Amino acid sequence: MAGGNERSMKALKEVWRRAENSLCADCGKPDPDWASSTLGVFICLSCSGIHRNIPSISKVKSLKMDHWDDAQVQFLDKHGNAVTKATYEAHIPIYYYQPTYNDCQVLREQWIRAKYERKEFTKPGKQLPYSDGVKEGILWKRGRDNGQFLPRKFLLSEREGCLKYFTKQDAKEPKINIKIDVINATFQPVKIGNPNGLQITYLKDNKTRNIFVYHESGKEVVDWFNAIRSVQFHYLKVAFPIASDNEIKNRLTRNFLKEGYMEKTGPKQREAFKKRWFTLDHRRLMYFKDPLDAFAKGEVFVGSRENGYSVQKGLPSGTQGNFSWHYGLTIVTPDREYLFTCETETDQLDWITAFTSVINQAMTPQEYASKCLDPISFLS
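In this text the structure is predicted, and so the values were computed from the model without any measurement.

Brief notes about the packing of helix α5 (residues 105-117) against helix α7 (residues 218-239)
Two numbers describe a pair of packed helices, the interaxial angle and the distance between the axes. Remark: α5 packs on α7, axes separated minimally by 10 Å, with the N-to-C direction vectors making an angle of 90°. Of the possible angle classes, the one that applies to α5 and α7 is roughly perpendicular. Residues V106, L107 and Q110 of α5 form the contact with α7, whose own contacting residues are G218, K219, V221, V222 and F225. The residue inventory of the contact of α5 with α7, partitioned by class, reads 5 nonpolar, 2 polar and 1 charged.

Shown next as structure tokens:
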């Protein structure tokens, strides 16, 4: 019996060590130490918890702590991540967002359920709930002024190239009509205070507007998210016919590079520093009095190093404004310097890393045009 155990463990380790099984099959996290004995995939601890919620599809076991018999090891050997992904991920639409281990629970759970439970990607040409160019339904939207979440009808139309929402079910005219090419959508469960919270951001008169929504159903809110990406993809395919699918995919919805509180001072650099919520959305640095504000109080364009932009640790010597946080950083632009302080050194270094990643990228022609249209503003 002991010899059989030892043989099984040795065989299990050999399968586990294969390069194809070195990343979680669902989120890509390195060094997964769990596996599904019914699907044959190697997964991380976090994804194993999601698998455990669909026991009719997946039975999970620890690779380190649980016993694996010969038949189960042979099943893993026959399958593994590469073979199983070839089946369950055979026909993923290019616009479908495939979450990583950095993404929120609802995105990862619906990705796993879409693959193994609903088998959405096993057959070509399958009609999916986010792929027909039209989506209509109710989302709970946060009121801009009162902060209450109320049900609102939303309509997404590929033919019209827009997303609309209506304050009443029977309303003829929408409250807002948003062009699909200026929309970004990103999940914000912590900020919104709901596990299915979605932030929809768009440009209005070249200024950023935020809408915060959620749905009780995780599947429904993720379907909305992928429907927006689907409509954007097909719109951009028409607008940029010579662009490759991957180039267009990279222009769809994106996560913010960094968010959090910093203190800021005004343009004279002698005013008291004020605590504000900052969002870095690629080359747009926006700040808000409250994280759930509909409009930014100010925006700064963050250009490239070759155009005279840089980020420096600390504040210029002789800075006069009063500040309570002592981990400073300075954004240098061709026009002026912007001064910030962070609460901790970790925050300071994280912000510097985020700014550096943007500044080190060459600017595209579209970003040059955006800068010309978007005069730098930083109101106090």
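Text resumes after the structure shown.
Remarks on the sheet that holds strand β2 (residues 42-43)
Pairing is antiparallel in the open sheet, where 3 strands are placed in the order β2-β1-β3. Edge strands, defined here as strands with exactly one partner in the open sheet, are β2 and β3 (60-62). Pairing analysis gives 2 bridges linking strand β1 (residues 34-36) to β2, with the strands arranged antiparallel. Bridge pairing links A35 to F42 in β2.

Topic: the packing of aromatic side chains
Using the criterion set out here, one finds 19 aromatic pairs in the structure. Ring plane angle 80° and centroid distance 5.6 Å describe the contact between Y97 and F225, whose orientation is recorded as edge-to-face. A residue pair is termed long-range when its members are at least 10 positions apart, and Y97 in the loop between α4 (80-88) and α5 and F225 in helix α7 qualify at 128 residues. The pair Y97 / F225 is uniform in exposure class, with both members buried. Ring pairs connect the aromatic residues Y95, Y96, W111, F121, Y130 and F233, which therefore count as one cluster.

Some words on the UniProt feature "domain: Arf-GAP" (unreviewed entry) in the protein
UniProt records the feature "domain: Arf-GAP" (unreviewed entry) at residues 6-129, using the numbering of this structure. With 40% helix and 6% strand, residues 6-129 has its two end C-alpha atoms placed 48 Å apart.

Let's talk about the nonpolar core
Membership of the largest hydrophobic core comes to 54 residues, with the highest contact counts inside it found for I43, L156, L163, I183, F187 and L198. With 9 residues, α7 is the largest single contributor of residues to this core. Both domains that furnish three or more residues to this core are identified here as domain 1 (1-117) and domain 2 (134-250). Residues L285, V300, V302 and I331 belong to the second largest nonpolar core, which totals 22 residues.

Observations concerning the side chain of S58
Examined against the element boundaries, S58 turns out to sit in the loop between α2 (45-52) and β3. When its relative accessible area of 2% is taken as the criterion, S58 is described as buried. One polar contact links S58 to H51, side chain to side chain, over a distance of 2.8 Å. When sequence neighbours within four positions are dropped, the list of residues in contact with S58 reads S36, T38, L39 and H51.

Describing the pattern of salt bridges
Close approach of charged atoms allows side chains of opposite charge to pair. Per the counting criterion, the structure on display carries 19 salt bridges. Taking the shortest distance from any N to any O, the salt bridge between K237 and D245 comes out at 2.8 Å. What makes K237 partly exposed here is its relative accessible area of 32%.

What counts and how
- Residues numbered from 1 in each chain as written.
- Predicted model: local features only at pLDDT ≥ 70, side-chain atom pairs only at ≥ 80, totals over all residues.
- Heavy atoms only, no water.
- Axes fitted to C-alpha atoms, helices over the stretch in contact; angles between N-to-C directions.
- Helix = DSSP H or I, 4+ residues; strand = E, 2+ residues; numbered from the N terminus.
- Parallel < 35°, antiparallel > 145°, perpendicular 65-115°, else oblique.
- Contact = heavy atoms within 4.5 Å.
- Nonpolar A, V, L, I, M, F, W, Y, C, P; charged D, E, K, R; others polar.
- Pairing = 2+ DSSP bridges.
- Phe/Tyr/Trp six-rings, centres within 6.5 Å; stacked < 30°, edge-to-face > 60°.
- Buried < 20%, exposed > 50% of the residue type's maximum accessible area, 1.4 Å probe, protein only.
- UniProt positions renumbered as here; feature names shortened; annotations may be inferred.
- Core = buried A, V, L, I, M, F, W, Y, C linked by side-chain atoms within 4.5 Å.
- Domains from an automatic or database assignment.
- Polar contact = N/O pair within 3.5 Å; in protein donor to acceptor, adjacent residues only side chain to side chain.
- Salt bridge = Lys/Arg side-chain N within 4 Å of Asp/Glu carboxyl O.

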